[in-house]
Amino acid sequence: MKRLMTAILATLLALPMLAQYRTPRYPGRPVTPPPTYRSQRSATYYGLRLGGAFSTVNSDDRRLDGGTMQAGLNVGLAAGFQLHPASPLFFETGLFYTEKGGKGSYEGNKFTYNLNYLEVPLLLKYDIPVDRSFCVQPFFGGYLSCGVGGKIKDYGDRKAFSSFDDDGFKRFDGGLRLGLGAQYDLLYLEVAYEFGLANICNDAFDTSHNRCLYVNCGVNF
């Protein structure tokens, strides 16, 4: 948790400096609002994201039910593309490293799950201008992810093993994501929630699903 808070604080301190040195959108012209938001937004943009992932693993197997929220890191790159020149609808994707997991107990023994993924979001975003420099962006779509590491820790038996071995979880996951973003000049903030639809449990008789709340900040270029 200390690592997560330190990374977010460092990013928040750096973002105003990035925005300070941006190139003016209308050099040499009076500062007047453009007729539409599209006139100040490129048809393609790229973004940096850093934030927190607050997740659970919900399962009908009590040994795998990590229903208590666990905090992790979420960092990555995003890219957006306008779908039509006359529409403020964008498709956004990217590549993220996300630390998910959960906490729980079984027969009085505490356990934690760390499920670390490489994740690709597939989102539709709609830009709603508020003024010349500020807009809000509701979005909806899905995600695909592959597990790249993590440990299951059993504090009762004092054992730890890979989260993605035969007694743990499947590596591949997918589901739905919805949320709301806000952009001021280059600065960007978003809140999103993911509903895992894929059964990540290796046991054929049980089901497990990821749930995750994201709070990210960053910049769009």
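Residues numbered from 1 in each chain as written. Predicted model: local features only at pLDDT ≥ 70, side-chain atom pairs only at ≥ 80, totals over all residues. Heavy atoms only, no water.

1. Describing the overall build of the chain
Put simply, the test is: Numbering of helices and strands starts at the N terminus; helices are DSSP runs of H or I of at least 4 residues and strands are runs of E of at least 2. Relative accessibility decides the category of a residue: with a 1.4 Å probe and only protein chains considered, values under 20% of the type maximum give buried, values over 50% give exposed, and everything between is partly exposed. The contact criterion used throughout is that any non-hydrogen atoms of two residues lie within 4.5 Å. Where accessible areas are quoted, they stem from the Shrake-Rupley method and a 1.4 Å probe; at the residue level, only the protein chains shown are allowed to cover.
In terms of regular secondary structure, the chain is built from one helix and 11 strands. Going from the N terminus to the C terminus, the chain shows its helices and strands as α-β-β-β-β-β-β-β-β-β-β-β. The 221 residues of the chain split such that 44% are buried. Residue pairs at least 24 apart in sequence account for 64% of intrachain contacts in the chain once pairs closer than 6 positions are excluded. With the model as given, the accessible surface of the chain reaches about 11700 Å², and the carbon-plus-sulfur share is 64%.

2. With respect to the packing of aromatic side chains
Definition in use: Pairs were defined over the aromatic rings of Phe, Tyr and Trp, the Trp ring being its six-membered one, requiring ring centres within 6.5 Å. Orientation was assigned from the angle between planes: stacked under 30 degrees, edge-to-face over 60, tilted for the rest.
Counting across every chain of the model gives five aromatic pairs. Judged by centre distance (5.8 Å) and plane angle (75°), the rings of Tyr-117 and Phe-164 are edge-to-face. Within this pair, whereas Tyr-117 is found in strand S4 (residues 109–126), its partner Phe-164 is found in the loop between strand S8 (159–162) and strand S9 (172–184), the two being separated by 47 residues in sequence. Taken individually, Tyr-117 and Phe-164 each receive the classification buried, so the pair is uniform in this respect. Through successive ring pairs, a cluster of aromatic residues spans Phe-111, Tyr-113 and Phe-169.

3. Section: the environment of Gln-183
Rules: Pairs of N or O atoms within 3.5 Å make up the polar contacts considered here, provided that, within protein, one atom can donate a hydrogen while the other can accept it, and that residues adjacent in sequence are counted only when both atoms are side-chain atoms.
Inspection of the secondary structure puts Gln-183 in strand S9. In sequence terms Gln-183 and Val-219 are 36 residues apart; their C-alpha atoms lie 8.5 Å from each other. A distance of 2.8 Å separates the side chain of Gln-183 from the backbone oxygen of Asp-185, its partner in a polar contact. A polar contact of 3.0 Å, which involves the side chain of Gln-183, links it to the side chain of Asn-220.

4. Brief notes about the layout of surface pockets
For clarity, the cut-off: A cavity here means a set of points on a 1 Å grid, drawn over the protein atoms and nothing else, where a 1.4 Å probe fits but cannot get out; a pocket is an open set with protein on both sides within 12 Å along at least five of seven lines, and a residue lines either one if it has an atom within 4 Å of a point. Grid points are joined across faces, edges and corners, and a volume is the space filled by probe spheres set on the points. Three categories are distinguished: nonpolar for Ala, Val, Leu, Ile, Met, Phe, Trp, Tyr, Cys and Pro, charged for Asp, Glu, Lys and Arg, and polar for the others, with Gly belonging to the last.
Roughly 410 Å³ of internal volume is contained in the largest pocket. Lining the largest pocket are 18 residues, and of these Arg-63, Leu-64, Asp-154, Phe-161 and Asp-167 lie nearest its centre. Of all elements in the fold, only S4, strand S7 (151–154) and S8 reach the threshold of two or more residues within the lining of the largest pocket. Residues of the lining of the largest pocket, tallied by class, amount to seven nonpolar, three polar and eight charged.

5. A look at the pattern of salt bridges
The condition that has to hold: Each salt bridge in this description consists of a side-chain nitrogen of Lys or Arg and a carboxyl oxygen of Asp or Glu lying within 4 Å of one another.
Evaluated as defined, the whole model comprises six salt bridges. Across the pair Arg-49 and Glu-92 runs a salt bridge, and its minimum N-O distance is 3.9 Å. Highlighted residues: Arg-49 in strand S1 (residues 44–59) and Glu-92 in strand S3 (residues 89–106), separated in sequence by 43 residues. Neither Arg-49 nor Glu-92 differs from the other in exposure class; each is buried. The salt bridge involving Glu-119 is made with Lys-100; its shortest N-O contact spans 3.2 Å.

6. Overview of the nonpolar core
To keep things clear, this is the line we draw: To qualify as a nonpolar core, a set must consist of buried Ala, Val, Leu, Ile, Met, Phe, Trp, Tyr and Cys residues joined through side-chain atoms within 4.5 Å.
Val-57, Leu-64, Phe-111, Tyr-113, Leu-115, Tyr-117, Ile-152, Phe-164, Phe-169, Ile-200 and Cys-201 together form the largest nonpolar core, which totals 11 residues. Here the element with the most residues in this core is S4; it accounts for four residues. Leave out the neighbours within four places in its chain, and Leu-64 touches Val-57, Ser-59, Tyr-113, Asp-167, Phe-169, Cys-201 and Ser-208.

7. Quick look at the pairing of strand S10 (residues 187–196)
When a strand is regular, its side chains alternate between the sheet's two faces. Short version of the rule: One requirement defines pairing of two strands: DSSP has to find at least two bridges between them.
Along S10, the buried face is formed by Tyr-188, Glu-190, Ala-192, Glu-194 and Gly-196; none of Leu-187, Leu-189, Val-191, Tyr-193 and Phe-195, which line the opposite face, is buried. Where S9 meets S10, 10 bridges bridge the pair, whose relative direction is antiparallel. Among the inter-strand pairings, Leu-178 is bridged to a residue of S10, identified as Tyr-193. Across nine bridges, the pairing between S10 and strand S11 (residues 208–220) is antiparallel. Within S11, the residue paired with Tyr-193 across the bridge is Leu-213.

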